[in-house]
Amino acid sequence: MSDLCSPLLANVKQLGGIIEATCGSGGSFVAGDFKTRISSATVDVDMSPIEDDTLTGSLSPRPITMGEKKASLKAAAKLVGSGVAGTKPEIDVLLRACAMASVVVSSISIGAVTGGPFIPGETVTQATSLATGRVMKACINGDTKLYITVVSGTFDATNVITGTTSSATATASSTASAAGFAYHPVTASTPETAAFRLEEDGRFKTVNGAAGTFTISADSSGVMKIEFTMNGKLGEIGDAALTSGVTYFDTAFPTFVDARCFLDLGLAGEVQPIVRSVSVDLQGEATIRKDANQTTGLLAGRITKRTPQVVLTAEAMKKATFAAFDKMADCDAVTIGFRAVAPDNAVEVWGLNGQLTTIPEGDADGFSTMDLTFRMNGLAGDDELWIVFTV
């Protein structure tokens with residue numbers, strides 16, 4: 001049948017994603033795999049044409065041969081939680097395909113914070129119970145809950161919790177209860193790979209063995225956007241109606257307000273700059289493994305390198321406020337944290353052991369600005385960047 005009267009609509013799309021049982025194996029998709037709210041998505045196919053370099057008596061080109069069959073998925077979504085403590089965010093599969101692992105976040109009701117605040121990433125211990133945890137969100141005096149991931153033991157509802165780095169203290173008034181999930185990069189011997197199916201108003205493409213990277217960006221008062229680039233091998237291209245029965249998440253998109261953008265939170269040099277925008281780049285390198293046994297010539301993607309970078313675009317500060325150039329020259333470590341909030345969920349992003357690498361200056365609306373550019377190194381390995389989703 002002719003497509004003369006039935007053009008394919010560019011804005012009718014849905015994206016499904018699953019974690020593969022075996023790298024590069026693909027899989028089947030059901031309605032529940034298409035829950036991510038995407039603002040854009042494309043699959044680009046590269047069949048790596050091979051030129052025939054045979055010399056003849058003519059300058060006419062010779063037929064080409066197709067080689068590896070690669071596929072690249074680019075998808076944009078919002079950084080938003082599920083709104084339910086025990087449910088992972090809608091971009092869970094996309095994050096895991098970027099070699100990001102999740103841990104359960106718990107909340108503990110507390111009284112006043114003294115000597116603080118608690119610093120994201122620091123270890124906390126509780127008197128008497130001897131339970132230990134790791135702080136997942138900045139916690140200042142006036143906050144009623146401390147968010148942690150439990151490392152060992154069981155936190156009780158009566159004893160004092162102390163931060164080992166900040167020396168902050170607060171008395172618990174509840175035990176730890178589930179509050180969400182946090183994601184951090186991992187260096188796994190058997191990393192997870194994903195399969196994706198992009199459905200586009202009557203046709204579909206699949207990408208198998210996918211691994212990739214992401215960027216996050218937000219302007220003041222705007223929503224936090226996350227853009228993924230996934231590299232894998234071409235699965236299938238075909239015609240089919242969109243998968244029916246899809247139910248999307250309906251949580252509100254957090255906005256970059258009350259952002260608590262801190263540098264060196266809880267330390268002597270703590271400063272809260274006036275931030276216009278923020279961007280995060282995982283800078284993960286996804287290399288596709290070659291395999292002549294595969295019909296595509298490829299097996300699956302693998303993250304082989306990452307150098308996370310955070311850029312805070314802030315109003316320029318005097319040296320007395322934040323000695324940025326001194327910190328860059330001295331290779332000083334800086335802790336960075338910021339958040340976005342909505343009525344039913346919140347997202348906090350923070351980085352450990354950041355080093356300033358460059359500070360371009362400019363102006364915006366007549367105000368002097370600084371692009372504070374940090375390389376995130378982490379402290380104990382696989383802890384340089386965290387994305388925390390809570391209810």
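Everything that follows concerns the structure shown earlier in this document.
Residues numbered from 1 in each chain as written. Predicted model: local features only at pLDDT ≥ 70, side-chain atom pairs only at ≥ 80, totals over all residues. Heavy atoms only, no water.

### Brief notes about the overall build of the protein
Thought 1: When its secondary structure is counted, the protein shows two helices and 25 strands.
Thought 2: The C-alpha radius of gyration of the protein comes to 24 Å, within 12% of the 21 Å expected for a compact globule of 391 residues.
Thought 3: In terms of its C-alpha atoms, the protein occupies a principal-axis envelope of roughly 80 × 45 × 45 Å.
Thought 4: Expressed as a percentage of its 391 residues, the buried residues of the protein come to 49%.
Thought 5: Intrachain contacts of the protein at a sequence separation of at least 6 include 73% that bridge at least 24 residues.
Thought 6: Here the protein has roughly 17,700 Å² of accessible surface; of this, 52% comes from carbon and sulfur atoms.
Thought 7: Of the side-chain charges in the protein, 30 are positive and 42 negative, and the distance between the mean point of each set is 2 Å. (Helix = DSSP H or I, 4+ residues; strand = E, 2+ residues; numbered from the N terminus. Rg over C-alpha atoms; globule rule 2.2 N^0.38 Å. Buried < 20%, exposed > 50% of the residue type's maximum accessible area, 1.4 Å probe, protein only. Contact = heavy atoms within 4.5 Å. Areas by Shrake-Rupley, 256 points an atom, 1.4 Å probe, with all protein chains shown as cover. Lys, Arg positive; Asp, Glu negative; His and termini not counted. Charge placed at Lys NZ, Arg CZ, Asp CG, Glu CD.)

### A look at the nonpolar core
Thought 1: Core analysis: the largest hydrophobic core is formed by 60 residues, its most contacted members being Leu79, Leu95, Phe196, Phe214, Phe338, Leu372 and Ile387.
Thought 2: A total of five residues in this core trace back to one element, the largest contributor, which is strand 14 (residues 203-219).
Thought 3: Those residues in contact with Ile387 that sit more than four places away from it in its chain are Leu79, Leu95, Met100, Phe181, Ala182, Tyr183, Phe214, Ile216, Val347, Glu348 and Val349.
Thought 4: Ile108, Val113, Ile161 and Ala172 belong to the second-largest nonpolar core, a separate cluster that totals 15 residues. (Core = buried A, V, L, I, M, F, W, Y, C linked by side-chain atoms within 4.5 Å.)

### Focus on the state of the cysteines
Thought 1: Counted under the stated rule, the structure contains zero disulfides.
Thought 2: In this structure Cys98 is not part of a disulfide, and its nearest cysteine sulfur, from Cys23, lies 17 Å away.
Thought 3: Looking at Cys98, the relative accessible area reads 2%, which means it is buried.
Thought 4: Here Cys261 is not cross-linked by a disulfide; its sulfur's nearest cysteine counterpart is in Cys139, at 17 Å. (Disulfide = S-S within 2.5 Å.)

### Quick look at the side chain of Glu200
Thought 1: Here Glu200 is to be found in strand 13 (residues 194-200).
Thought 2: Residues contacting Glu200, with those up to four places away along its chain left out, are Val12, Lys13, Lys205 and Leu242.

### Here we look at the packing of aromatic side chains
Thought 1: What the rule picks out here adds up to five aromatic pairs.
Thought 2: Taking 6.2 Å as the distance between ring centres and 55 degrees as the angle between the ring planes, the aromatic pair formed by Phe29 and Phe34 counts as tilted.
Thought 3: For Phe29, a relative accessible area of 18% gives the class buried.
Thought 4: Above the plane of the ring of Phe253 lies Lys78, whose end atom (NZ or CZ) is 5.3 Å from the centre.
Thought 5: The ring of Phe204 carries Arg197 above its face, with NZ or CZ at 3.9 Å from the centroid. (Phe/Tyr/Trp six-rings, centres within 6.5 Å; stacked < 30°, edge-to-face > 60°. Lys NZ or Arg CZ within 6 Å of the ring centre and 35° of its normal.)

### Observations concerning the pattern of salt bridges
Thought 1: Tallied over the entire structure, the rule returns 15 salt bridges.
Thought 2: Between Arg62 and Asp52 there is a salt bridge, with its nearest N and O atoms 2.9 Å apart. Note that Arg62 is positioned in the loop between strand 3 (49-50) and strand 4 (65-66) and Asp52 in the loop between strand 3 and strand 4, a separation of 10 residues in sequence.
Thought 3: With relative accessibility at 29%, the residue Asp52 sits in the partly exposed group.
Thought 4: A single salt-bridge network, built from bridges that share partners, covers Lys13, Glu200 and Arg203. (Salt bridge = Lys/Arg side-chain N within 4 Å of Asp/Glu carboxyl O.)

### A few points about a nonpolar patch on the surface
Thought 1: A cluster of nonpolar side chains, contributed by Val45, Met47, Ile64, Met66 and Ile237, occupies part of the molecular surface with about 400 Å² of accessible area.
Thought 2: Note that Ile64 resides in the loop between strand 3 and strand 4.
Thought 3: Judged by its relative accessible area of 41%, Ile64 is partly exposed. (Patch = residues over 30% accessible without salt bridge, like charges linked within 9 Å, V, L, I, M, F, W, Y side chains within 5 Å.)

### Quick word on the environment of Asn345
Thought 1: Of note, Asn345 is situated in the loop between strand 21 (334-341) and strand 22 (346-358).
Thought 2: Given the relative accessible area of 1%, Asn345 is considered buried.
Thought 3: It is 18 Å that separates the C-alpha atoms of Asn345 and Pro120, two residues lying 225 residues apart in sequence.
Thought 4: The contacts of Asn345, once residues within four sequence positions are left out, are Val80, Gly81, Gly83, Thr251, Ala252, Pro254, Thr390 and Val391.
Thought 5: Polar side-chain contacts of Asn345 include one of 3.0 Å to the backbone nitrogen of Gly81. (Polar contact = N/O pair within 3.5 Å; in protein donor to acceptor, adjacent residues only side chain to side chain.)

### Observations concerning unusual backbone geometry
Thought 1: Positive phi outside glycine occurs at Ser167, with the angle close to 65 degrees.
Thought 2: If you trace the backbone, Ser167 turns up in the loop between strand 10 (160-163) and strand 11 (169-171).
Thought 3: Within the chain, Gln283 stands out as a residue other than glycine whose phi angle is a positive 50 degrees.
Thought 4: One can find Gln283 in the loop between strand 17 (275-281) and strand 18 (284-290).
Thought 5: Its relative accessible area of 33% is what places Gln283 among the partly exposed residues.

### A closer look at the pairing of strand 10
Thought 1: On strand 10, burial follows the alternation: Ile161 and Gly163 on one face are buried, whereas Val160 and Thr162 on the facing-out side are not.
Thought 2: Inspection of the sheet shows strand 10 paired to strand 11 by three bridges, in the antiparallel sense. Counted as the bridge partner of Val160 is Thr171 from strand 11.
Thought 3: Turn length for the strand 10-strand 11 hairpin, with the two strands adjacent in sequence and antiparallel, is five residues, and the turn residue Ser167 shows positive phi of about 65 degrees. (Pairing = 2+ DSSP bridges.)

So far we have only geometry, and geometry alone does not tell us how the molecule works.
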